[in-house]
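So you can see what is in the structure, the chains are spelled out below.
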Amino acid sequence: MKILLDECVTKKLKAHLRGHEVYTVTDKGWNGLFNGKLMTKCVEDNIDILLTTDKNILFQQSITKYDLTVVVFDAADSKITTLLQFVAAFENKVHLFERRKLYVLSA
């Protein structure tokens, strides 16, 4: 699975998503792109999942327009200790995720 960590997600999470090709926005040189443009870049680069903590993305974007999956960690903050609480749920469900849908995961 090719996963892009949104700017609001600490790059430290990358090491904890084993078995996936994980990139940060900085790795791709896409810093400063807003959600619509970022999602378009994801599709162009064959990214499977955009992983974010931005709960507003559901209201800002029409997810069905983009051939990718958006996963939101419903986290209080973006500290690695907080985000690690979501990894098990993510790994348990990643094979069930469908493109053009948004999933919100709770810890």
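Everything discussed here concerns the structure shown above.
Let us look at the structure shown here.

### Quick look at the overall build of the chain
Step number 1: When helices and strands are counted, the chain shows 4 helices and 5 strands.
Step number 2: Listed by position from the N terminus, the elements making up the chain come as β-β-α-α-β-α-β-α-β.
Step number 3: The C-alpha atoms of the chain give a radius of gyration of 12 Å, which matches the 13 Å a tight globule of 107 residues would have.
Step number 4: Considered along the principal axes of its C-alpha atoms, the chain spans approximately 30 × 25 × 25 Å.
Step number 5: Out of the 107 residues belonging to the chain, those deemed buried represent 46%.
Step number 6: Sequence-distant contacts in the chain: of pairs separated by 6 or more residues, those separated by 24 or more amount to 54%.
Step number 7: As presented, the chain carries roughly 5800 Å² of accessible surface, and 50% of it is formed by carbon and sulfur atoms.
Step number 8: On the chain, the mean spot of the 15 positive side-chain charges and the mean spot of the 13 negative ones are 1 Å from each other.

### Points about the environment of Ile47
Step number 1: Structurally, Ile47 is set in the loop between helix 2 (35-44) and strand 3 (49-52).
Step number 2: Setting aside residues up to four positions removed in sequence, Ile47 forms contacts with Lys2, Ile3, Leu4, Tyr23, Lys28, Cys42, Asp67, Leu68 and Arg99.

What counts and what doesn't
- Note that residues are indexed from 1 along each chain, following the sequence as it is written.
- Whole-chain, interface and lining totals are the exception, using all residues; otherwise, since this is a predicted model, local features are given only for residues with pLDDT of at least 70 and side-chain atom pairs are given and counted only at 80 or more.
- To obtain the side-chain values, all non-hydrogen atoms of the structure were used and water was disregarded.
- The helix and strand labels rest on DSSP assignments: H or I over at least four residues marks a helix, E over at least two residues marks a strand, and numbering proceeds from the N terminus.
- Values of the radius of gyration come from C-alpha atoms, whereas the globule rule sets the reference at 2.2 Å times the count of residues to the power 0.38.
- A 1.4 Å probe rolled over the protein chains alone gives each residue an accessible area, and that area as a share of the maximum for its type sets the label: buried under 20%, exposed over 50%, partly exposed in between.
- We call two residues contacting when some pair of their heavy atoms lies within 4.5 Å.
- Residue exposure ignores everything except the shown protein chains as possible cover, and the areas themselves are Shrake-Rupley values with a 1.4 Å probe.
- Here the positive residues are Lys and Arg and the negative ones are Asp and Glu; neither His nor the chain ends is included.
- Where a charge lies is defined by one atom per residue type: Lys uses NZ, Arg uses CZ, Asp uses CG and Glu uses CD.

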